[in-house]
Amino acid sequence: MKNQQKKAKSAKAKSDAQGRRLFYCIVPFIILSFLFAYFPLHGWIYAFFDYKPPLKLSQCEFVGWKWFATLFANKTQVSQMVQVLKNTFAMSFLGILTSILPIGFAIFLNEIKSTKFKNAVQTLTTLPNFISWVLVYSVAFSLFTDSGMVNTLLQQWGIITTPIKFLDSDAHTWLWMALWNLWKGLGWGAIMYIAAIAGIDAELYEAAKVDGANRFQVMKNITLPALMPTFFVLLMMSVANFLNNGMDQYYVFQNSFNKEHIQVLDLYVYNIGMTGSSLSLATAISMLKSIVSVTLLVVVNFVSKKTRGESII
């Protein structure tokens, strides 16, 4: 009896020691998360002051909820916000709509038998993710301006007589941005699904082959269902980040011609804060956006828990 108690205590001590070691491993990441995700939230206080740089915050007038009321009091401001939200919703919806493409890409990539060719395709499609949007715009500028390669070739072949306005036009702005984003992120988005495919039990594929299933039946009945949990988790995170489109892509592609339909919420906050010199109003908008994003995350998590029995928080 005493030996069993000693063994139990020893096992518990080892388990506690292992738990502490694992905790110490994640402490640096907890600190980084606090510094970059939570500590900056103290800047929300600027939304309640009429801040005018380079004055100190204590030297600025406290205005309470003035900037929040301004968002809905001015008709011009309201109409501008409505257009910005339309752009944000359109970009996010197109992003969610195309989020299924990395699944298909990963499944078909997995069916390639040549390892060298598969690795080459995966590398070439993943590399664009590591290219900055500034360089992407440089490539787009070289290809699609009036004197770019595409217009030059089309004119030389006699297909068009005047250059097509690809970049300095407001036509199909949402679609162009979605295509650029898809080109840049398709390979990177497929990596997680490729990893999930690698974790599928090989015996399932062998049993399917024994039963006479062809490649498309295997993809439909084994590979695709196995990827659905990963897809739904990523989908929930995408819905929770519905208002977070980022700014880099739209900032480098914006110009006076397409500004109406390319200005998403993050870019709008930047333009107001930096170009419009109204940091307090920009902070108020950003604050509301964060609150809505957290609310969406909670709602999506609740729906997932009720429908699928799984949650992410």
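Before any of the text, the structure's been laid out above.
Not measured: the values here are computed from a predicted model.

**Q** Is there a simple way to think about the overall build of the chain in this case?
**A** The secondary structure content of the chain amounts to 14 helices and two strands. Against the 2.2 N^0.38 benchmark of 20 Å for 313 residues, the chain shows a C-alpha radius of gyration of 26 Å, more extended than a compact globule. C-alpha extents for the chain along the principal axes are approximately 75 × 65 × 35 Å. Classification of the 313 residues of the chain by burial places 30% in the buried group. For the chain, the exposed surface amounts to about 20100 Å²; the carbon and sulfur share of it is 67%. Across the chain, the 26 positively charged side chains and the 15 negatively charged ones have centroids separated by 13 Å.

**Q** Hey, could you run me through the pattern of salt bridges in this one?
**A** Note on pairing: side chains with opposite charge can pair once their charged atoms come close. Scanning all chains against the criterion turns up five salt bridges. With a closest N to O distance of 3.8 Å, Asp168 and Lys165 form a salt bridge. Asp168 gets classed as partly exposed once you look at its relative accessible area, which sits at 26%. When the shortest N-O distance is used, the salt bridge between Asp266 and Lys289 registers 2.5 Å. Here the residue Asp266 occupies a position in helix α13 (residues 265-275), and Lys289 occupies one in helix α14 (residues 279-307), the gap between them amounting to 23 residues. Side by side, Asp266 and Lys289 carry an identical accessibility label, which is buried.

**Q** How do you make sense of the nonpolar core when you look at a structure like this?
**A** Where a protein is soluble and globular, its nonpolar side chains tend to be buried together. By size, the foremost hydrophobic cluster in this structure holds 19 residues, and its most contacted members are Leu265, Tyr268 and Ile285. For this core, the elements supplying multiple residues, two or more each, are α2 (66-73), α3 (75-97), α13 and α14. Top element by residues in this core is α14. It accounts for five residues. Ignoring sequence-local partners within four residues, the contact set of Tyr268 consists of Gln77, Gln80, Met81, Val84, Gln263 and Ile285. Leu109, Tyr205, Val218 and Ile222 belong to the second largest nonpolar core, which has 17 residues in total.

Rules used in this analysis
Residues numbered from 1 in each chain as written. Predicted model: local features only at pLDDT ≥ 70, side-chain atom pairs only at ≥ 80, totals over all residues. Heavy atoms only, no water. Helix = DSSP H or I, 4+ residues; strand = E, 2+ residues; numbered from the N terminus. Rg over C-alpha atoms; globule rule 2.2 N^0.38 Å. Buried < 20%, exposed > 50% of the residue type's maximum accessible area, 1.4 Å probe, protein only. Areas by Shrake-Rupley, 256 points an atom, 1.4 Å probe, with all protein chains shown as cover. Lys, Arg positive; Asp, Glu negative; His and termini not counted. Charge placed at Lys NZ, Arg CZ, Asp CG, Glu CD. Salt bridge = Lys/Arg side-chain N within 4 Å of Asp/Glu carboxyl O. Core = buried A, V, L, I, M, F, W, Y, C linked by side-chain atoms within 4.5 Å. Contact = heavy atoms within 4.5 Å.

None of the figures reported here should be taken as evidence of function without further support.
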